[in-house]
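Chains, contacts and geometry: an overview
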Amino acid sequence: MKISDSISFFKKYNYLSVFLFILIFWFFILSASGSLFSGYHFTDDHEITHINYNLTVQKLGIFQVTSQWIHNDLLTGRFRPFYYVHRILATRLLGVNFGWWSFYTGMLGVLTTFFLFIFCQLIRFSISEALLFSFLTTLGAQSAIWWQLGPAETIGTFLLAAALVFAALSELSSKYKSLYEILFVFLVLIMSLSKESFILVIPAIALIKVWLSYHLKTLVWHESLKKNSLFIFILGLFFTVELLLVKFYIGLTPEIGYAGVEGFSISRTISATQNLSQAGYWWIILACFIGIRLTIKPPYSYSLPQIVNVLYFPIILLFLVAVPQVLLYAKSGIVQRYTFPGILGYSFLIISLYNYLNKTYQVAAKLILLLIMISLSFNLTVAWDAAHTFAKEGKSTTALLRTIEAKIKVNDRILIVSNPHLSYEWSFSLKKYLNYVSNRNNLYFHSYVNKNNFFFQKVESFYEHQNLERVQNKNDVQCVVLFPYQKDIFLRNSSWFLRNKFEEYEFGNFNRNLNKNTKIFLYCKK
């Protein structure tokens, strides 16, 4: 079979039609929800402004900026070198144009979904089954990585999907086989360098590579293992070296409190398993097994081996993908973006079960298809609601920043009041944006938490200890930004603040502590 023949003009328009459908689907969600044009967000986006400042104002080279960011990431106990390589290169190209950033991130979502579809097609699933597989994997609460600009899962999942395509192509092609194999290995390597969770999926990818030889070349298992021994060695080397680096050099308990591995807890492990299984449609898998049970009829010596032969690989793959993710995320729980890459094992098992039922028990297959469509419809609602919430927060953030820029002169004093426990990252983010983008550098930080508090000290240090006590004449304060839940305590404890001399601006839709309408208040001197 020649690859050039099989994909000639996108398989006689099928691939092109599917690509256009996926493109329209994702960009309809992104544009209709408003997330495509939502602008700057306090969470994660400040890294972009900081990197752009390094590149454009400080005039640092890409290599120097990259080494600095990777070094700082390692110091916090994280191992994500390619994540920052990609982030810095993207910033060099896109700058602080967050509209283009959103478009680019959305395109990564489109391409990831499309690559998963192509992979399924190459391993002989039907068009409908391949589409279902791709959307079961990418659509749901986890879809947040296609509009949020910070998660490492965005580039990691994209690289995983691309690696699977080249793994399949390397088995089907003779002319470009070596090129596809090199690309496969390279993509797996940089995928694993995107985030720690993607290191743990390397053994599953190695198993998929061996299974592809077995499945597409009709080799027996020991022949397939022998054929792929070099890939097993290389991927095993990646896996071992990176795991040892994380465990013994970087550590398993990063500075970020919610992340890392913290011993073994049965209750946390059960909870993480429930989280991932809920995201992975456990009820559909159960329904499939019930349907398959109905197909088992005497003589069992004939029907049982046939079922086992079809299902043992996707079941093993599920455990090999999911179990490491459950153990990794037992501390934080598996929600939203943490569903990747574990959900891939669930999606593949569901499509394998559906494919078998489609061939053996049409009535059951139609019921399973109905269940899948209902679940995807529900996930579409979940995704759109999350994207819309994200968009409203971004628009409020942009309105806040634009108001400060319009009302406050470059050298005016701006006071930022926050609780570092609730708004730790946001406290950094606002300062970075005002310094690096708006050119407002006269900033002061104030908080009502204990001065010995770890988070307070980190934030105050970032503000170079420019606090309210440093302002000798508080009448010089031209602007006050009150982060969520700070308005009442500030007004009670600031006798110097004459409210009637300031214009009040209220910005809602800040999604904090499960309250989607948390408010930030801005006071600008009249």
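Further up the page is the structure itself.
Residues numbered from 1 in each chain as written. Predicted model: local features only at pLDDT ≥ 70, side-chain atom pairs only at ≥ 80, totals over all residues. Heavy atoms only, no water.

**What to know about the overall build of the protein**
- Along the protein, the regular secondary structure elements total 22 helices and five strands.
- A compact globule built from 526 residues should have a C-alpha radius of gyration of about 24 Å, and the protein, at 26 Å, falls within 12% of that.
- Principal-axis analysis of the C-alpha atoms gives the protein an extent of 90 × 50 × 45 Å.
- Within the protein, the proportion of its 526 residues that are buried is 54%.
- The contacts of the protein with a sequence gap of at least 6 include a subset with a gap of at least 24, amounting to 75%.
- Looking at the protein as shown, the accessible area adds up to about 23,800 Å², and 63% of this sits on carbon and sulfur atoms. (Helix = DSSP H or I, 4+ residues; strand = E, 2+ residues; numbered from the N terminus. Rg over C-alpha atoms; globule rule 2.2 N^0.38 Å. Buried < 20%, exposed > 50% of the residue type's maximum accessible area, 1.4 Å probe, protein only. Contact = heavy atoms within 4.5 Å. Areas by Shrake-Rupley, 256 points an atom, 1.4 Å probe, with all protein chains shown as cover.)

**Comments concerning the pairing of strand E2 (residues 443-446)**
- Here E2 shows no split at all, with Leu443 and Phe445 on one side and Tyr444 and His446 on the other all buried.
- With four bridges connecting them, strand E1 (residues 413-417) and E2 associate as parallel partners. Paired with isoleucine 416 across the strands is phenylalanine 445, a residue of E2.
- Where the polypeptide runs from E1 across helix H20 (residues 420-436) and back to E2, its parallel neighbour, the crossover connection is right-handed. (Pairing = 2+ DSSP bridges. Right-handed = clockwise from strand over helix to strand, strands pointing away.)

**Thoughts on the packing of aromatic side chains**
- What the rule picks out here adds up to 50 aromatic pairs.
- Between the aromatic rings of phenylalanine 42 and phenylalanine 510, the centroid separation amounts to 6.2 Å while the plane-to-plane angle is 20 degrees, which identifies the pairing as stacked. Of this pair, phenylalanine 42 sits in the loop between helix H3 (14-33) and helix H4 (46-56) while phenylalanine 510 sits in strand E4 (residues 502-512); the two residues are 468 residues apart in sequence, bridging distant segments of the chain. Accessibility classification places phenylalanine 42 together with phenylalanine 510 in one group, the buried group.
- Pairwise contacts between aromatic rings join Tyr424, Phe428, Phe445, Phe454, Phe455, Phe456, Phe462 and Tyr463 into one cluster. (Phe/Tyr/Trp six-rings, centres within 6.5 Å; stacked < 30°, edge-to-face > 60°.)

**Let's talk about the packing of helix H8 (residues 127-138) against helix H19 (residues 362-407)**
- Between H8 and H19, whose axes approach to 11 Å, the crossing angle comes to 40 degrees. Comparing the axis directions of H8 and H19 gives the class oblique. For H8 against H19, the interelement crossing comes out left-handed. Contacts between H8 and H19 involve Leu132, Phe135 and Leu136 on the former and, on the latter, Leu369, Ile372, Met373 and Leu376.
- Tallied by class, the residues present in the contact of H8 with H19 amount to seven nonpolar, no polar and no charged. (Axes fitted to C-alpha atoms, helices over the stretch in contact; angles between N-to-C directions. Parallel < 35°, antiparallel > 145°, perpendicular 65-115°, else oblique. Left-handed = near helix turned anticlockwise from the far one by under 90°. Nonpolar A, V, L, I, M, F, W, Y, C, P; charged D, E, K, R; others polar.)

**Here we look at the pattern of salt bridges**
- Per the counting criterion, the structure on display carries twelve salt bridges.
- Of the charged contacts, one joins glutamate 153 and arginine 337 as a salt bridge, the two residues approaching to 3.5 Å between their closest N and O atoms. Of this pair, glutamate 153 sits in helix H9 (residues 153-172) while arginine 337 sits in the loop between helix H17 (300-328) and helix H18 (343-360); the two residues are 184 residues apart in sequence, bridging distant segments of the chain.
- Two residues, glutamate 171 and lysine 227, come together in a salt bridge whose shortest N-O distance is 3.1 Å. Taken as a pair, glutamate 171 in helix H9 and lysine 227 in helix H13 (residues 221-227) lie far apart in primary sequence, 56 residues in all. (Salt bridge = Lys/Arg side-chain N within 4 Å of Asp/Glu carboxyl O.)

**A look at a nonpolar patch on the surface**
- Taken together, Leu230, Phe233, Leu237, Val241, Leu245 and Tyr249 make up a surface patch of nonpolar side chains, about 630 Å² in accessible area.
- When its relative accessible area of 55% is taken as the criterion, phenylalanine 233 is described as exposed. (Patch = residues over 30% accessible without salt bridge, like charges linked within 9 Å, V, L, I, M, F, W, Y side chains within 5 Å.)

**Focus: the packing of H9 against helix H12 (residues 202-216)**
- Across the interface, H9 lies against H12 with an axial gap of 9 Å and an inter-helix angle of 30 degrees. On the basis of their axis angle, the class for H9 and H12 is roughly parallel. Read as a crossing pair, H9 and H12 show a hand that is right-handed. Contacts between H9 and H12 involve Leu160, Leu164, Ala167, Ala168, Ser170, Glu171 and Leu172 from the first element and Ile205, Ile208, Lys209, Leu212, Ser213 and Leu216 from the second.
- Of the residues belonging to the contact of H9 with H12, the class tally is nine nonpolar, two polar and two charged.

**Describing helix H5 (residues 62-75)**
- Here H5 spans 20 Å end to end across 14 residues, near enough to the 20 Å set by a 1.5 Å rise per residue.
- Within the span of H5, buried status applies to Val65, Thr66, Trp69 and Asp73. Each buried residue of H5 lies within a common arc of 100 degrees when the element is viewed along its axis, so the set occupies one face. Relative to its buried face, H5 has exposed residues pointing more than 90 degrees away, namely Phe63 and Leu75.
- Directly beyond the C-terminal end of H5, a positive phi value near 90 degrees is found at glycine 77. (Expected span 1.5 Å × (residues − 1). Arc of directions from axis to C-beta.)

**A look at the environment of leucine 164**
- Inspection of the secondary structure puts leucine 164 in helix H9.
- For the pair leucine 164 and isoleucine 205, spaced 41 residues apart in sequence, the C-alpha separation works out to 7.9 Å.
- Setting aside anything within four residues of it in sequence, one finds leucine 164 in contact with Leu116, Phe119, Ile208 and Leu344.

**Remarks on the side chain of threonine 339**
- Assignment of secondary structure puts threonine 339 in the loop between H17 and H18.
- Accessibility expressed as a relative area gives 3% for threonine 339, which makes it buried.
- For threonine 339, the side chain forms a polar contact with the main-chain oxygen of glutamine 336, separated by 2.8 Å.
- Not counting residues up to four positions away in its chain, the partners in contact with threonine 339 are Gln142, Leu276, Ala279 and Ile334. (Polar contact = N/O pair within 3.5 Å; in protein donor to acceptor, adjacent residues only side chain to side chain.)

**Here we look at the environment of leucine 522**
- As for its position among the elements, leucine 522 is in strand E5 (residues 515-525).
- Residues leucine 522 and threonine 138, spaced 384 residues apart in sequence, show a C-alpha to C-alpha distance of 38 Å.
- Here leucine 522 is in contact with Leu400, Thr403, Ile404, Cys479, Val480, Val481, Glu503, Glu504, Tyr505 and Phe507, once residues within four sequence places are set aside.

**Examining unusual backbone geometry**
- Proline 341 follows phenylalanine 340 through a cis peptide bond whose omega is 0 degrees.
- In this structure, proline 341 sits in the loop between H17 and H18.
- Positive phi values are uncommon outside glycine, yet tyrosine 281 reaches one of about 60 degrees.
- Examined against the element boundaries, tyrosine 281 turns out to sit in the loop between helix H15 (266-279) and helix H16 (282-295).

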